[in-house]
Amino acid sequence: MKRISFRFDTTYNSDYDSLIIPVFADGQLPQACAFLDTDSELANLVKDLNDSADFTGGSGKTLMVMQPSSASIKRLLLVGFGKEESLTAKSYLEAIKSAAGALENTGAIDVLNACVLVQPAERSSDWAVRHNAQVFQQNFYDYAHESRGEHKNKEPKLESMAFTVEATPTATFAAQQGQASALGMAVTQDLANMPSNFCTPAYLAETAIELGKTYGFETHILERAEMIEMGMGSFMSVAQGTDTPPKMICLSYKGGAADKAPIALVGKGVTFDTGGISLKPGASMDEMKYDMGGAATVLGVFKALGELKPNINVVGVIPSTENMPAGNAIKPGDVVTSLSGLTIEILNTDAEGRLILCDALTYAQQTYKPAKIVDMATLTGACIVALGKHVSGLLANNQPMADALLAAGEETYDRFWQLPLGEEWDEQLKSNFADMANIGGPAGGTITAAQFLARFVKDVDWAHLDIAGTAWVSGDKKGATGRPVPAVLQYLLNEIK
Ligand code: BES
Ligand code: MN
Ligand code: ZN
């Protein structure tokens, strides 16, 4: 993806070909536009457009004005933020997104962006810079896999963008972080949007290896025979019904002190989930190509880490397979032995995510001795029922860690909502024929799924992100969102401080 070059410039001048100006309701210019005093013609124009009702600063509205004044700037993009006192993070970000959309099919190349507003009051100007960098860079994303056929790819003209604030070290980092986040999201979106006949476990592994070559990550891929030999009976039971080779994909980024235990990111990589013998209904089954959204998020976060090179150690562990019905597929009632030695009665083959994640969690702990583990998975439809599609589910065995993730989610507006864990839910996993069943009945499905994973987490801080509702959107805008790359990246960066 083409990169925007971000700069800072507090002096308004007409070297730019375009200027983006924020406007509040009734044509009010924010404090951020004080620099416009040097071009009263532009300020008057905003007032005239308001008086004539052509542009009144309505939230998320935009108006492009060509050759707006005798001062030779070519384009003026007015962006409405609504009533100043009603501005929220959501309305701010939506307005920025419309601005990026309005600029998209224009000839704008070098832009001065004055939309670095500090309202709502608790947001810093770094917050606004980070979000602008992320949104404008992310707007370049275009799913352009060859299988799309005649699709005409986006060819953005925009090259550079200056923000009208001081180039402090934190502002500079904010722009870099926003951009890295967007580049990471694009990796995640591309992998997730790609159909499962292209995005196989092997393709995910190749992507990890390519990222490793580009950014210097160590990578290690485990193959089926090796994993059977090692005793990953749970993961391998899901993979036994598919001819497509499963992979355990491991990456490590070493940006911190050599003796510092890493944070492990574990991502569910089911490249297609038919449900197996507990077959899913046909409607919308195509969307189960997105069941590797956790894996794609881990790889997207690694892309961002490679870009930013922060002072931290991170490992990624991705169990990846298809979940297929077949003559040799696992059947309800089958009992398997996980890598940890615990036995599992598989009462529903569609609860496969936890079956592959439990072995990945054990493997990650044995191999990397991580200080903390965050797993991410499109794990339960129940999470969508409980929380809808605007926040990811968060469950953790450690409250400070949950709080840190919740904070990172708020900072990036890539939010989480915490659900409880507890013995009562754990008891729902009782089996008459093994150490546990892989389902806990219809009540509290997101919690019992997390409770299952918790049984494989030994004395380490752990959080589980259920991204079933947030990894993609359905309907006529169907596509991967790139979530929760921004929040997980923010969480890792906050861990350094
Ligand atoms: N990948 C699905 C969860 C899912 C479903 C995510 C729909 C997003 C949209 C997962 O493997 C699954 O099938 N879970 C079952 C668990 C059940 C059998 C206990 C579910 O949610 O129905
Ligand atoms: Mn399933
Ligand atoms: Zn699944």
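Counting restarts for each chain: residues are numbered from 1 in the order of the written sequence. A letter from A marks each chain and a number from 1 marks each ligand, given out in the order of writing. Where local features are concerned, this predicted model is filtered to residues with pLDDT of at least 70; where side-chain atom pairs are given and counted, the filter is 80 or more; whole-chain, interface and lining totals use all residues. Heavy atoms throughout the structure, all of them, feed into the side-chain values; hydrogens and water do not.

## Section: the environment of Leu251
Per the convention used, a helix needs a DSSP run of H or I reaching at least four residues, while a strand needs a run of E reaching at least two, with both numbered from the N terminus. Tracing the backbone shows Leu251 in strand β8 (residues 247–254). In this structure the C-alpha to C-alpha distance between Leu251 and Gly212, which are 39 residues apart in sequence, comes to 7.6 Å. Beyond its immediate chain neighbours, meaning those up to four positions away, Leu251 contacts Ala208, Phe217, Glu218, Thr219, Leu299, Phe302, Val314, Val315, Gly316 and Ile318. We call two residues contacting when some pair of their heavy atoms lies within 4.5 Å.

## Structural notes on the coordination of the manganese ion (ligand 2)
Distances from the manganese ion (ligand 2) to its protein donors, Asp273 (OD), Asp350 (O), Asp350 (OD) and Glu352 (OE), fall within 2.0 to 2.2 Å. The donor definition counts N, O and S atoms within 2.8 Å of each metal and applies 3.2 Å to Na, K and Ca; water is not among these atoms, so some sites may look incomplete. A four-donor site is called tetrahedral if each angle lies between 85 and 135 degrees; a four-donor site is square planar, and a six-donor site octahedral, when trans pairs exceed 155 degrees and the remaining angles lie between 65 and 115; all other cases are labelled irregular. Taken together, the six donor atoms surrounding the manganese ion (ligand 2) define angles of 71 to 168 degrees at the centre, an arrangement classified as irregular. Separating the manganese ion (ligand 2) from the zinc ion (ligand 3) is a distance of 3.1 Å, and Asp273 supplies a donor atom to each of them. Here Asp273 is found in strand β10 (residues 269–273), whereas its partner Asp350 is found in the loop between β13 (343–346) and α9 (353–368), with 77 residues between them in sequence.

## Observations regarding the coordination of the zinc ion (ligand 3)
Looking at the zinc ion (ligand 3), the protein donor atoms are Lys268 (NZ), Asp273 (OD), Asp291 (OD) and Glu352 (OE), and they sit 2.0 to 2.4 Å from it. Considering all six donor atoms around the zinc ion (ligand 3), angles at the metal cover 78 to 175 degrees and the coordination shape is octahedral. Sequence spacing of the donors to the zinc ion (ligand 3): K-x4-D-x17-D-x60-E. Accessibility expressed as a relative area gives 0% for Glu352, which makes it buried. The buried label goes to any residue with under 20% of its type's maximum accessible area, the exposed label to any with over 50%, and the partly exposed label to all in between, with areas taken from a 1.4 Å probe on protein chains only.

## Points about the domain arrangement of the chain
These domain limits were set by an automatic method or by a database of domain assignments. You can read the domains of the chain as domain 1 (5–169) and domain 2 (183–496). Once you take the C-alpha centre of each, domain 1 and domain 2 turn out to be 37 Å apart. The interface of domain 1 with domain 2 comprises 17 residues on the first partner and 16 residues on the second. When two components associate, each loses some accessible surface as probed by a 1.4 Å sphere; the sum of these losses over both components is called the buried area. Buried area between domain 1 and domain 2, summed over both chains or domains, comes out near 1200 Å², and the portion from carbon and sulfur atoms is 58%. By convention in these notes, a salt bridge is any Lys or Arg side-chain nitrogen within 4 Å of a carboxyl oxygen on Asp or Glu. Taken together, the connections running from domain 1 to domain 2 amount to zero salt bridges. As used in this structure description, the phrase polar contact means that two N or O atoms lie within 3.5 Å; if the pair is within protein, one of them must be able to donate a hydrogen and the other to accept it, and residues adjacent in sequence are counted only when both atoms belong to side chains. Summed over the shared surface of domain 1 and domain 2, the result is six residue pairs in polar contact (both at pLDDT 80 or more). Taken together, the elements giving at least two residues each to the side of domain 1 that touches domain 2 come down to α2 (89–104) and α3 (125–138). Ranked by residue count, the leading element in the side of domain 1 that touches domain 2 is α3, at six residues. Looking at the side of domain 1 that touches domain 2 residue by residue, the class counts come to six nonpolar, six polar and five charged. Each residue is assigned to one of three groups, with Ala, Val, Leu, Ile, Met, Phe, Trp, Tyr, Cys and Pro labelled nonpolar, Asp, Glu, Lys and Arg labelled charged, and all others, Gly among them, labelled polar.

## Considerations on the site of ligand 1
One heavy atom suffices: a residue is near a molecule or strand as soon as one of its heavy atoms comes within 4 Å of it. In the neighbourhood of ligand 1, 17 residues make up the surrounding shell, with Lys280, Asp291, Asp350, Glu352 and Gly381 lying closest. Lys268 is positioned such that a nitrogen or oxygen atom in its side chain is 3.2 Å from an oxygen atom of ligand 1. Measuring from an oxygen atom of ligand 1, one finds a backbone N or O atom of Gly381 at 2.7 Å. Surface accessibility follows the Shrake-Rupley procedure with a 1.4 Å probe radius. Residue values consider only the protein chains on display as shielding. Relative to its unbound accessible area of 520 Å², ligand 1 is 77% covered by the protein chains.

## What about the sheet that holds strand β1 (residues 5–8)?
Any two strands are treated as partners once DSSP identifies two or more bridges connecting them. Taken in spatial order, the six strands line up as β1-β6-β5-β2-β4-β3 in an open sheet, and their pairing is mixed. Across the chains shown, the open sheet's two edge strands, defined by having one partner strand only, are β1 and β3 (62–66). Going from strand to strand, the sheet's axes swing by 20 degrees on average, the running direction of each strand aside. Two strands pair when backbone bridges link them, and strand β2 (residues 18–23) and strand β5 (residues 110–113) are joined in this way by three bridges, in the parallel orientation. Along β5, the bridge assignment pairs Leu19 with Leu112. Between the N-to-C directions of two axes lies an angle of 0 to 180 degrees, each axis being a line fitted to C-alpha atoms and, for a helix, fitted only over the stretch in contact. Packing of helix α1 (residues 40–51) onto the sheet brings it into contact with β2, β3 and β4 (75–80), and relative to β4 it is tilted by some 50 degrees. Contacts between α3 and the sheet are confined to β1, β2, β5 and β6 (160–163), with β6 contributing the most and set at about 160 degrees to the helix.

## As for α1
The first and last C-alpha atoms of α1 sit 16 Å apart over 12 residues, in line with the 16 Å expected at 1.5 Å per residue. Taken as a whole, α1 has its buried residues at Leu42, Leu45, Val46, Leu49 and Asn50. Looking straight down α1, one finds that the buried residues subtend no more than 135 degrees of arc, so they occupy a single side. With respect to the buried face of α1, the exposed residues turned more than 90 degrees away are Lys47 and Asp51. On its buried side, α1 packs onto β2, β3 and β4. Of the residues flanking the end of α1, it is Ala53, one or two places downstream, whose phi is positive at about 65 degrees. Between the first and last residue of a helix there are one fewer steps than residues, each counted as 1.5 Å, and that sum is the expected span. Think of it as the arc spanned by the lines of direction from the helix axis to the C-beta atoms.

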